[in-house]
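Architecture and fold: a report
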Amino acid sequence: MIPMKQTPLSQLATVSAGQAAPKDDEFSDHGIPFVRAGSLDGLLSGKSESELELVRDETAKLRKLKTYPKGTILFAKSGMSATKDRIYVLQNPAYVVSHLATLIPNGNAHADYLRLALKRFPPSVLIKDPAYPAISLGDIQSYEIPMPEQRDDQIRIAHLLGKVEGLIAQRKQHLQQLDELLKSVFLEMFGDPVRNEKEWTLIPLSKLLLGIESGNSPVCEARKASVDEWGVLKLGAVTKCYFQEIENKVLPAGIEPQIRHEVKEGDLLFGRKNTYELVGACAYVFRTRQKLLMPDLIFRFVFRDDAEINPIFIWKLLTAESQRKKIQLLAAGAAGSMPNISKTNLKQAVLPIPPIALQNKFTTIVEKVESLKSRYQQSITDLEALYGALSQQAFKGELNLSRIPLNSKLENHETDKKHKNQMNIFA
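Residues numbered from 1 in each chain as written. Predicted model: local features only at pLDDT ≥ 70, side-chain atom pairs only at ≥ 80, totals over all residues. Heavy atoms only, no water.

What follows concerns unusual backbone geometry. One non-glycine residue, Lys64, lies in positive phi territory at about 55°. Summarising the element assignment, Lys64 is placed in the loop between α2 (57–63) and β5 (73–76). You will see that Glu199, though not glycine, has its phi angle at about 55°, which is positive. Mapping Glu199 onto the fold places it in the loop between α5 (151–190) and β10 (201–204). (Helix = DSSP H or I, 4+ residues; strand = E, 2+ residues; numbered from the N terminus.)

Here we take up the pattern of salt bridges. Counted under the stated rule, the structure contains 21 salt bridges. Notably, a salt bridge pairs Arg223 with Glu229, separated by 2.7 Å at the nearest N-O pair. The exposure class of Arg223 is partly exposed, given its relative accessible area of 39%. When the shortest N-O distance is used, the salt bridge between Glu262 and Lys264 registers 3.2 Å. (Salt bridge = Lys/Arg side-chain N within 4 Å of Asp/Glu carboxyl O. Buried < 20%, exposed > 50% of the residue type's maximum accessible area, 1.4 Å probe, protein only.)

Before going further, it helps to examine the packing of aromatic side chains. One pass over the full model with this rule turns up 16 aromatic pairs. The interplanar angle of 75° and the centroid separation of 5.7 Å between the aromatic rings of Phe121 and Phe395 together place this pair among those described as edge-to-face. Residue Phe121 is located in the loop between α3 (111–120) and α4 (137–142), and its partner Phe395 is located in helix α9 (residues 356–396); the two are separated by 274 residues in the primary sequence. One aromatic cluster is present, built from ring pairs that chain together Phe186, Phe190, Trp200, Phe313 and Phe362. Between the NZ or CZ atom of Lys316 and the centre of the ring of Trp315, over which it lies, the distance is 4.1 Å. (Phe/Tyr/Trp six-rings, centres within 6.5 Å; stacked < 30°, edge-to-face > 60°. Lys NZ or Arg CZ within 6 Å of the ring centre and 35° of its normal.)

On to the pairing of strand β14 (residues 268–271), then. Along any regular strand, the residues point their side chains to alternate faces of the sheet. Side chains Leu268 and Phe270 project from β14 onto one buried face, and the interleaved Leu269 and Gly271 project onto a second face that is buried too. The pairing of β14 with strand β15 (residues 282–284) spans three bridges and is classified as antiparallel. Paired with Phe270 across the strands is Cys282, a residue of β15. For β14 and strand β17 (residues 298–303), the ladder comprises three bridges, and the chain directions are antiparallel. Counted as the bridge partner of Gly271 is Ile298 from β17. (Pairing = 2+ DSSP bridges.)

A sheet is described by the order of its strands in space; here three strands give the open sequence β4-β3-β7, paired in mixed fashion. Of all the strands in the sheet, just β4 (54–55) and β7 (95–96) have a single pairing partner and so form its edges. Relative to β7, strand β3 (residues 32–35) is paired through two bridges, and the arrangement is parallel. Across the sheet, Phe34 pairs through a bridge with Tyr95, a residue of β7.

Given below as structure tokens:
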């Protein structure tokens, strides 16, 4: 057991906030980065601080901007961003917007331990009115987190949890690389579908389909359906252009499920209504649990038996960037309403259709890549569960960290097997 003490942030860091942003025309192509609340999502996804807006010294002096040092911890303290619990550590000196809280760790706190503690105990719990999210600097200063009595234990905890974080990030990067690989293979085999430089036969979607089906959207309970309950898909099931069965709501008691609307493996689903950025999302169902129903906002394509098409190819065709943008132009809607693509408009879409043999060859590649992605995704799920368990134990002081050497470094080539073996010392 590690002795832990609840400690206010004011004893661990200098707590303050950034300053007002310069005007748009005061930013430059050189200088020090300026971090906004909206910057955190990109930065946490791997975006470089050097890609942010830059401020020259003269502008910084005019606007009385303070330079925050490398290692400063940032999170949003006002606006909807305050509810997102994005905790970021500056990798270089930067200016910071007033909507962000800044924590400069003192000698009592290890910066990465502090970041991980705030990730475990998110500051959004300090928001008093969810309708107007805001966190006062006074509440941040008095906010208490568990701290080991020995600073070396902070370092060990940060090292351990950082190791698992690194493996999760690595797996997510692999998933992204596989997605990019499929995009490259598609363009190599078929070219850009809108330019159609390979001169494939252009066929209206209506000629490929027996019909377009959709379900119903009753008023559902907010919770997700259990495996024994009937559920209705939410738009989020297709929004990312990959089928996500967890995006569903339980069908209310008393409403009889329409079996003909049940989602099946091999279905190609299409989101007909959403924001301009998200409308027209398309997802192929490789696998699904039973008892999931389509809503009225999601279409299912039913292809003709004599149409020489492969649904997986059509999925990748409709999600290709240029083709999707063209499909999105079919959306209509009154001012103030979400864009909607009607069945009539969608059937008018004209698609470049290569020979079925080439479609099938591409589909074989897709299926192999998707199988590999599925394994990576399961690895991420397992690692996230491991991270959650270790994090809970670590901040309760329940881990024996004595065998973690200080100043040890992560090896980028470390295998899962080595990782799992090392985890055994905490059993």
